[in-house]
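# Overview (structure and organization)
Given next are the chains, with one letter for each unit.
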Amino acid sequence: ATDHPFMDPSVMQVSSSQSATVGAGLDDPFGAQAEPATVPVAPVISQPPPQPAQPTLQPVSSAGFSAGYGASTPPTSGYGGGYGSGTASFNPQPPKQYGNEETMHKQEEINTDVLQPNAEKLVEDEFRKREQDLERRETQLRDEQKRLEDARVYGDRVPNFPPIPKFFPCTPCVYHNIDFDITPEHQLSVRRVFYHWQFTVFCYLLNFVVCFGMICALGTKAGSAFGLSLLYAGLFIPLSFLTWYRMLYNAVRLDSSMRYMLFFFMYGMQIFVSGIAALGFNSGGFAGWITAFKTMEDNKALGVLGIIVSLAWCANCLIAVYLIMQIHKTYRTTGQSMEKASGEFAASAGSNRNVAQAVLRSL
């Protein structure tokens, strides 16, 4: 054994064998070219680049499809392991339905049986609500119409005629409203008679003024005419309103044949009074034609005023004749008759206790 480690015979043998095998001819760089040594290398096999995994469609049953569109299987791998760890891919079209056709038809029948009764119930409930609403509105309109009719015939109406100022000690006596109490087809006739009553009031007042002037100009010779004119103005003005105008007003308002008959009688009396007033007898209380011409001999101014009063009474009489003819036509067209008037009179007389007792005493 030698002390030098590289002088060991085994090491020197291995070194010489490696030099002979690998580095043959390397010691002489300028000599003949030595053939290069061949080093065994592992064969290289070319492989195509990895392709991304394509999602595969799995068969979906009818139960799965009823729960929603089927979800595709997630890709197992992505590019180089970087992509492809998502849970599901987007499928733009619903998957085909697989399964038994009879099962699908049964499912459709079940859905139809469930949805159709619900839709019919909703339509029926909506129709019932509308019908109830219409019935409620109809009832309200009927009640309102009945209330107005009762108020027109039997209601407590606050008196408003004649229109007296509030500071006067007197108050209105009757309720008067043509637009509310009288039906539209009869309002014109009643309104015309009301205007005629106002013209009658004007005639009475004008007659009183002329007679007052006569007593002032002629003295006691015209005293009786003045006194009667004052009586006529104070008595016939309210009586004309109550006896013939108000009678027509209530006859039309209540559709009463008996009141129509009373109106014709009292209005005929008014025509007669107007004719007498137009003539104007001496000391009769009317400044008519006779009184006017007689007064003109003493005072022409009073005579002219008397002629104006005479013309007013003539016009009053002619207007009354025209109106009574128009009211009579209306009376015929509304179905009124003498038999109906007599029946109403008998009913009203029978309901009056005093009249009934008087009849029984007479028997």
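Conventions used here
- Residues numbered from 1 in each chain as written.
- Predicted model: local features only at pLDDT ≥ 70, side-chain atom pairs only at ≥ 80, totals over all residues.
- Heavy atoms only, no water.
- Core = buried A, V, L, I, M, F, W, Y, C linked by side-chain atoms within 4.5 Å.
- Buried < 20%, exposed > 50% of the residue type's maximum accessible area, 1.4 Å probe, protein only.
- Helix = DSSP H or I, 4+ residues; strand = E, 2+ residues; numbered from the N terminus.
- Patch = residues over 30% accessible without salt bridge, like charges linked within 9 Å, V, L, I, M, F, W, Y side chains within 5 Å.
- Areas by Shrake-Rupley, 256 points an atom, 1.4 Å probe, with all protein chains shown as cover.
- Salt bridge = Lys/Arg side-chain N within 4 Å of Asp/Glu carboxyl O.
- Lys, Arg positive; Asp, Glu negative; His and termini not counted.
- Polar contact = N/O pair within 3.5 Å; in protein donor to acceptor, adjacent residues only side chain to side chain.
- Contact = heavy atoms within 4.5 Å.
- Axes fitted to C-alpha atoms, helices over the stretch in contact; angles between N-to-C directions.
- Parallel < 35°, antiparallel > 145°, perpendicular 65-115°, else oblique.
- Nonpolar A, V, L, I, M, F, W, Y, C, P; charged D, E, K, R; others polar.
- pLDDT = per-residue confidence, 0-100.

## Considerations on the nonpolar core
Counting 46 residues, the largest nonpolar core has Trp-197, Tyr-245, Tyr-260, Phe-263 and Trp-313 as the members making the most contacts within it. Residue contributions to this core peak at twelve residues, all from helix H6 (residues 223-254).

## Regarding unusual backbone geometry
Residues Phe-161 and Pro-162 are joined by a peptide bond in cis, for which omega reads 0 degrees. Relative to the helices and strands, Pro-162 resides in the loop between helix H3 (101-153) and helix H4 (178-181). With a phi close to 55 degrees, Asp-255 is a non-glycine residue in the positive phi region. You can see Asp-255 is positioned in the loop between H6 and helix H7 (257-279). Overall, Asp-255 belongs to the partly exposed group, its relative accessible area being 40%.

## A few points about the environment of Leu-262
Position of Leu-262 relative to the elements: it lies in helix H7. Accessibility expressed as a relative area gives 39% for Leu-262, which makes it partly exposed.

## Points about a nonpolar patch on the surface
Together, Leu-231, Leu-235 and Leu-239 line one region of the surface with nonpolar side chains, adding up to about 250 Å² of accessible area. Within the element layout of this structure, Leu-235 appears in helix H6.

## Focus: the side chain of Arg-246
As for its placement among the helices and strands, Arg-246 is situated in helix H6. The charged side chain of Arg-246 is buried without a salt bridge, its nearest counter-charge being Asp-181 at 5.8 Å. Polar contacts involving the side chain of Arg-246 include one to the main-chain carbonyl oxygen of Tyr-175, which spans 3.0 Å. Once you skip the residues sitting within four places of it in the chain, Arg-246 turns out to touch Val-174, Tyr-175, His-176 and Phe-241.

## Let's talk about the packing of helix H5 (residues 187-218) against H6
Their axes nearest at 8 Å, the elements H5 and H6 cross at an angle of 175 degrees. In terms of orientation, H5 and H6 fall into the roughly antiparallel class. Per-class residue counts for the contact of H5 with H6 are 24 nonpolar, six polar and no charged.

## Quick notes on the confidence of the model for the chain
Low-confidence regions, as indicated by low pLDDT, have predicted coordinates that should not be scrutinised in detail. On average, residues of the chain score 74 in pLDDT, and 61% of them are at 70 or above. When mean pLDDT is taken per element in the chain, H5 scores highest with 93 and helix H2 (residues 62-66) scores lowest with 44. With pLDDT under 50 throughout, residues 20-28 is counted as low confidence; its partners more than four residues away or in other chains account for four contacts. Per-residue pLDDT stays below 50 along residues 59-88; that stretch engages in 30 contacts with residues further than four places along the chain or on separate chains.

## Some thoughts on the pattern of salt bridges
Inspection of every chain in the model, using the stated rule, returns eight salt bridges. In this structure, the salt-bridge partner of Arg-136 is Asp-133, at a minimum N-O distance of 2.4 Å. Of the two residues, Arg-136 and Asp-133 both sit in helix H3, three residues apart, roughly one turn of that helix. The partly exposed category is assigned to Arg-136, whose relative accessible area is 43%. As a salt-bridge pair, Arg-191 and Asp-179 come within 2.8 Å of each other at their nearest N and O atoms. Of the two residues, Arg-191 sits in helix H5 while Asp-179 sits in helix H4, which places them twelve residues apart along the sequence. Here the residues in one salt-bridge network are Glu-124, Asp-125 and Arg-128, joined through shared partners.

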